[in-house]
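Breakdown of the fold
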Amino acid sequence: MDTPQDITAINLRQERNLLFDFYGPALTSKQAACFTMRYLEDCSLTEIAQELDISPQAVVDFIKRSVMRLEKYEMQLGLVQKFAAQQALAQDILAKLDELEQQLTPEAPAKALTGWIKNAVGEMLV
């Protein structure tokens, strides 16, 4: 079973991977290579250093700079935050649709639920 520390590390890794998905092209080639090998391929600092023919300290510096750059872009643009909000809204829509399906009988009013769905979808498209 995961301990809270393990969960925090997993969440941090997932967050960084999302940042990379959105803003990775803004990194230099070395930053992107170090980040990819560390967070996507789970390579050690030594393995990355050997592969890229740089020192382990340089790997640490490249990773640190890439994380800072990705976080800076997120602070400025907020694309990951918007994506997460849209995902949560989509989950709410699915739950409401399930509710609606259970109520769909000729005598059950589904108008309030369909109105909510239209508003939610409208918010997603903004």
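All values reported here derive from a predicted model rather than from experimental measurement.

**Quick word on the packing of aromatic side chains**
To describe a pair of aromatic rings, you give the distance between the ring centres and the angle between the ring planes. If you walk through the whole model with that rule in mind, you get five aromatic pairs. The interplanar angle of 45° and the centroid separation of 6.3 Å between the aromatic rings of F22 and Y23 together place this pair among those described as tilted. Relative to Y39, the ring of F35 lies with its centre 4.7 Å away and its plane at 45°, an arrangement referred to as tilted. With F35 and Y39 both in helix α2 (residues 29-40), this residue pair falls four residues apart, about one helical turn. Through successive ring pairs, a cluster of aromatic residues spans F22, Y23, Y73 and F83.

**Here we look at the pattern of salt bridges**
Counting across every chain of the model gives two salt bridges. Note that D42 is salt-bridged to R13, the shortest N-O span being 3.4 Å. Remark: R13 occurs in helix α1 (residues 4-23) and D42 occurs in the loop between α2 and α3 (45-52); sequence separation between them is 29 residues. Between K96 and E99 there is a salt bridge, and its shortest N-O distance comes to 4.0 Å. One end of the pair is K96 and the other is E99, both in helix α5 (residues 79-103) and three residues apart, which spans about a single turn.

**Structural notes on the environment of E15**
Counting through the fold element by element, E15 comes out in helix α1. The exposure class assigned to E15 is partly exposed, which follows from its relative accessible area of 42%. For the pair formed by E15 and V80, sequence separation is 65 residues and the distance between their alpha carbons is 8.7 Å.

**Thoughts on unusual backbone geometry**
Non-glycine residue D42 carries a positive phi angle of around 60°. The residue D53 is not glycine, and still its phi comes out positive at about 55°. Within the element layout of this structure, D53 appears in the loop between α3 and α4 (56-77). With relative accessibility at 72%, the residue D53 sits in the exposed group.

**So, the confidence of the model for the protein**
Residues of the protein with pLDDT of at least 70 account for 85%, and the chain-wide mean is 86. Averaged over each element, pLDDT in the protein is lowest for helix α6 (residues 111-125) (78) and highest for α3 (97).

**Focus: the environment of L52**
Within the fold, L52 resides in helix α3. Sequence separation between L52 and K30 is 22 residues; the distance between their C-alpha atoms is 8.4 Å. Sequence-distant contacts of L52, defined by excluding residues within four places in its chain, comprise K30, A33, C34 and M37.

**Quick word on α2**
Given 3.6 residues per turn, any residue in an α-helix points the same way as the ones three and four places further on. Here α2 spans 15 Å end to end across 12 residues, near enough to the 16 Å set by a 1.5 Å rise per residue. Looking at α2, one finds that the buried residues are Q31, A32, C34, F35, M37 and Y39. Once α2 finishes, D42 follows within two positions and takes phi at roughly 60°, a positive value.

**Some details on the side chain of E74**
With respect to the secondary-structure elements, E74 resides in helix α4. Buried E74, no salt bridge; nearest opposite-charge side chain is K82, N-O distance 8.4 Å. Within the structure, E74 has its side chain in polar contact with the backbone nitrogen of L79 (distance 3.2 Å). Non-local contacts of E74, meaning those with residues more than four positions away in its chain, are made with L19, Y23, L79, V80 and Q81.

Conventions used here
Residues numbered from 1 in each chain as written. Predicted model: local features only at pLDDT ≥ 70, side-chain atom pairs only at ≥ 80, totals over all residues. Heavy atoms only, no water. Phe/Tyr/Trp six-rings, centres within 6.5 Å; stacked < 30°, edge-to-face > 60°. Helix = DSSP H or I, 4+ residues; strand = E, 2+ residues; numbered from the N terminus. Salt bridge = Lys/Arg side-chain N within 4 Å of Asp/Glu carboxyl O. Buried < 20%, exposed > 50% of the residue type's maximum accessible area, 1.4 Å probe, protein only. pLDDT = per-residue confidence, 0-100. Contact = heavy atoms within 4.5 Å. Expected span 1.5 Å × (residues − 1). Lys, Arg positive; Asp, Glu negative; His and termini not counted. Polar contact = N/O pair within 3.5 Å; in protein donor to acceptor, adjacent residues only side chain to side chain.

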